[in-house]
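Below, each chain spelled out in residue letters.
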Amino acid sequence: MTPAVRRTGRSGMLAAAVGLALATGTTVTGGVAQADNEQQVMLKGSTTASYFWDDGSGRAGDTGLPASGKPMQKGLAASPSWPLMTEGYVVYKGKKAPFFVGDRGPGEPSTRGIMLDLDAKTFADLTGGTFDPDTLTVRGNGGLGHIEVDYVITAWGSGVGKKNHPVPFSTRAWSIKDTDPAEPMTLPAAPKAGPERTTAPPVGGVPAGTKIPAASPTPKQATGSGTAASSTADDSGGIPVAVIVAVLGAAAGGTAIGRRLLNRRLTGRDGSPAPRRSFSRRRARGRHRSAGGRQARLH
C-alpha cells in the first residue's frame, strides 16, 4: 500500500513546477540545488577614502614606488595599518571595486579618519570621473577627493600589520605582527536571479508561451555534496523528488493521451459514424476547457 504523503507548501510547489516542466519539455534550473546564501569574510566596516597614484615619477606629491614592491596599478590601495597584500573590496553608492593593500598611507590624514587610499583609476570609476595620466588626478567627478565607502576584507596579508579595523599611521601598527586578528564573520551573499523559461507547445491544457520561473534555492545552507539529496527527501515527506517527478510526468502524459482518445469520433457497429454529441455536452466540454485554462493561468 502506498503511504499518504503530507506535503509542505514549499515542497508541493517545487514538485508541481518540476512535474509541469517535465510534461511540457521545459528545463527547470535551480529547482534542487545546493544553496550558498552566505559568505565568510574577515572584517566589515566603513571609512573615508582618498586616492593616490605613486608611480615613482615625483609628480603630484608622488612619494615613490609602493612599499610592497608591486608596480602602481589599478586595484592597488594603501592602508595605514592593515598588513601588506591584504585583499578585499569597497562599495560606494552600489558600485563595488576590489583592492589589495600594496602601500602604506594615508599618513597624517589617517588621524582625521581617512583610513584608506584607493588608486586613482578605481576612484575615478567609483565617482564617475576619468583618470588624467599627466596630472595623476581624477577629473570630471565634480571635484570629489574623498568619499565614504564600506569596506570588506576577504583575506589578510601574511606580513606585519593590524588585522582589525584600521588605526592611524602614527600608531605604527603597520610595523607590528598582529597575533590576535579579528574573528571571521558571515555576510549574506548577493541573491541570484533565476532565468525564466518558456514552455513548448501546449500539453494538458497549458497555453503556449507560459513562463515558468526557476524554483528558488532551498533555504538550508549546503555543507557537502550529499546535503542537497538529503534535504530534498526531507522536504517532500521522505519521498525523493525523482520519484515525484516520474509520477507527475506519467500523470501528465496519461492525461494528454486520454484527451486525444476522447476527441475521436465514435463509430457504430456497422461502421457508420456515430451521431455528434449533444449541444449540452459540447457546452460542458467548453466549460471544462475554460476552467482548465484558468487553472493553468493561476499556476
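Use the structure listed above.
A quick note: this is a predicted structure, and the numbers were derived from the prediction, not measured. (Residues numbered from 1 in each chain as written. Predicted model: local features only at pLDDT ≥ 70, side-chain atom pairs only at ≥ 80, totals over all residues. Heavy atoms only, no water.)

## A few points about the environment of Asp-119
Then comes step 1: Within the secondary structure layout, Asp-119 lies in strand β6 (residues 114-119).
Then comes step 2: On the accessibility criterion, Asp-119 (2% relative accessible area) is buried.
Then comes step 3: Residues Asp-119 and Gln-73, 46 residues apart in the sequence, show an inter-C-alpha distance of 7.4 Å.
Then comes step 4: Engagement of the side chain of Asp-119 in a polar contact is seen with the backbone nitrogen of Lys-121, the distance being 3.0 Å. (Helix = DSSP H or I, 4+ residues; strand = E, 2+ residues; numbered from the N terminus. Buried < 20%, exposed > 50% of the residue type's maximum accessible area, 1.4 Å probe, protein only. Polar contact = N/O pair within 3.5 Å; in protein donor to acceptor, adjacent residues only side chain to side chain.)

## Structural notes on the pattern of salt bridges
Then comes step 1: On inspection of all chains with the given rule, the structure shows 4 salt bridges.
Then comes step 2: Lys-74 is paired through a salt bridge with Asp-125; the nearest N and O atoms lie 2.4 Å apart. Taken as a pair, Lys-74 in the loop between β2 (43-52) and β3 (76-79) and Asp-125 in helix α2 (residues 120-127) lie far apart in primary sequence, 51 residues in all.
Then comes step 3: Classification of Lys-74 as partly exposed rests on a relative accessible area of 49%.
Then comes step 4: According to the relative accessible area criterion, Asp-125 is partly exposed, its value standing at 42%. (Salt bridge = Lys/Arg side-chain N within 4 Å of Asp/Glu carboxyl O.)

## Quick look at α2
Then comes step 1: The buried count for α2 comes to 6 of 8 residues, which makes it a mostly enclosed element.
Then comes step 2: All of the buried residues in α2 are Ala-120, Thr-122, Phe-123, Ala-124, Leu-126 and Thr-127.
Then comes step 3: The residue sitting at the N-terminus of α2 and contributing the capping side-chain oxygen is Asp-119; that oxygen lies 3.0 Å from the backbone nitrogen of Lys-121.
Then comes step 4: Following α2 by one or two positions, Gly-128 has its phi on the positive side, about 80°.

## Details of the nonpolar core
Then comes step 1: Among the nonpolar cores identified, the biggest contains 31 residues, and Trp-82, Val-90, Leu-118 and Ile-153 are the most heavily contacted of them.
Then comes step 2: Of all the secondary structure elements, the ones that give two or more residues to this core are β2, β3, β4 (87-92), β5 (95-104), β6, α2 and β9 (147-155).
Then comes step 3: If we ignore the near neighbours within four places in the chain, the residues touching Leu-118 are Ala-49, Ser-50, Tyr-51, Phe-52, Leu-76, Ala-77, Val-90, Phe-123 and Leu-126. (Core = buried A, V, L, I, M, F, W, Y, C linked by side-chain atoms within 4.5 Å. Contact = heavy atoms within 4.5 Å.)

## Brief notes about the packing of aromatic side chains
Any two aromatic rings considered together are summarised by their centre-to-centre distance and by the angle between their planes.
Then comes step 1: Throughout the structure, instances matching the rule amount to 5 aromatic pairs.
Then comes step 2: Taking the centre distance of 5.1 Å and the plane angle of 70° together, the rings of Trp-82 and Tyr-151 count as edge-to-face. With a gap of 69 residues between them, Trp-82 in the loop between β3 and β4 and Tyr-151 in strand β9 connect regions that are remote in the sequence.
Then comes step 3: On the basis of relative accessibility, which here comes to 1%, the residue Trp-82 falls in the buried class.
Then comes step 4: With centroids separated by 5.3 Å and ring planes inclined at 20°, the aromatic side chains of Phe-169 and Trp-174 adopt a geometry described as stacked.
Then comes step 5: Take Phe-169: its relative accessible area is 28%, and that puts it in the partly exposed class.
Then comes step 6: The rings of Trp-82, Phe-99 and Tyr-151 are connected pair by pair, giving a single aromatic cluster. (Phe/Tyr/Trp six-rings, centres within 6.5 Å; stacked < 30°, edge-to-face > 60°.)

As far as function goes, none of this settles anything; it's purely spatial.
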